[in-house]
Amino acid sequence: MKRRLRDLEARSAELHERIAVLQREAAQVEKQVTRWRIGGEIFEEVEQELREGRAGGRADGATAVPDAADAGGAAEPADGGPGTESGSRYVPQWSQGADPARLPGLYCEIVAFVSGADGPVRVPEVVRALFGEGAGRSRHEGVRAQLKRLVERRWLVSEDGRSFTAGSH
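Residues numbered from 1 in each chain as written. Predicted model: local features only at pLDDT ≥ 70, side-chain atom pairs only at ≥ 80, totals over all residues. Heavy atoms only, no water.

Undergrad: When you look at the pattern of salt bridges in this model, what are you seeing that I'm missing?
TA: Any two side chains of opposite charge can pair, on the condition that their charged atoms come close. All told, the structure shown has four salt bridges when counted by the stated rule. Residue E133 pairs with R128 through a salt bridge whose shortest N-O separation is 3.8 Å. The exposure class assigned to E133 is exposed, which follows from its relative accessible area of 68%. According to the relative accessible area criterion, R128 is partly exposed, its value standing at 40%. E141 is the salt-bridge partner of R137, the closest N and O atoms lying 3.0 Å from each other. On the criterion of helical spacing, the pair formed by R137 and E141 is a turn pair, its members being four residues apart in helix α4 (residues 137–152). (Salt bridge = Lys/Arg side-chain N within 4 Å of Asp/Glu carboxyl O. Buried < 20%, exposed > 50% of the residue type's maximum accessible area, 1.4 Å probe, protein only. Helix = DSSP H or I, 4+ residues; strand = E, 2+ residues; numbered from the N terminus.)

Undergrad: Could you clarify how one ought to interpret helix α3 (residues 123–131) in this entry?
TA: Along α3, the residues classified as buried are V123, V126 and V127. What you see down the axis of α3 is that its buried residues fit within an arc of 100°, all on one side. At its buried positions, α3 is contacted by α2 (105–116), β1 (121–122), α4 and β3 (163–166). Of the residues trailing α3, G132 is marked for its positive phi of about 90°. (Arc of directions from axis to C-beta. Contact = heavy atoms within 4.5 Å.)

Purely geometric stuff here, so don't read any function into it on its own.
Here is the structure:
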C-alpha cells in the first residue's frame, strides 16, 4: 500500500511539473497571438489610411509620403487621365535625375545596397545587409516584394526575378 501511495505521489508531482511547463508555453503563445493581433490591426489601419489617401495622419487629409513629382518623377494620375496629380505613387517611377535618397523607408536603403554591390544580389543578401543574420521568413518576403516593386518602377533591374542589379540608366 505504501508503494502504491509513493507511485501516485510521484505521478502527481510529474503531472504538476508538466502542467507548469505547458502553462509557460501557453503564456508564450498567448504573447505571440497578442502581438500578431496588434500587428494585424495596425496593418489594416495603415492600409485603410493609404486607400483613403491620408497616410501620415495629417489633418488636411494630404499624404505625408513624398509623391512622384517630389521625388524627381512625374506623378501618375489616379484615373489615368491627364492633369490629375492626386494618384501619385508611394514609390515613384524612376526618371532621369531622380534621387534615390528621396525614396521612402527601406526602398532607399535597398537601392543603395544593390547599387553598391559588385554584382547581382539575391533576397537573402539584401535581408542580411539590412536586418542581420536573425531575420525571419517574413522579412525575406517583404524585401522580395519591395525589390520587385523597385523593378516595376525601374529603379532596379532583374532578368529572372531572383537576382537584382542597379539599373544602367
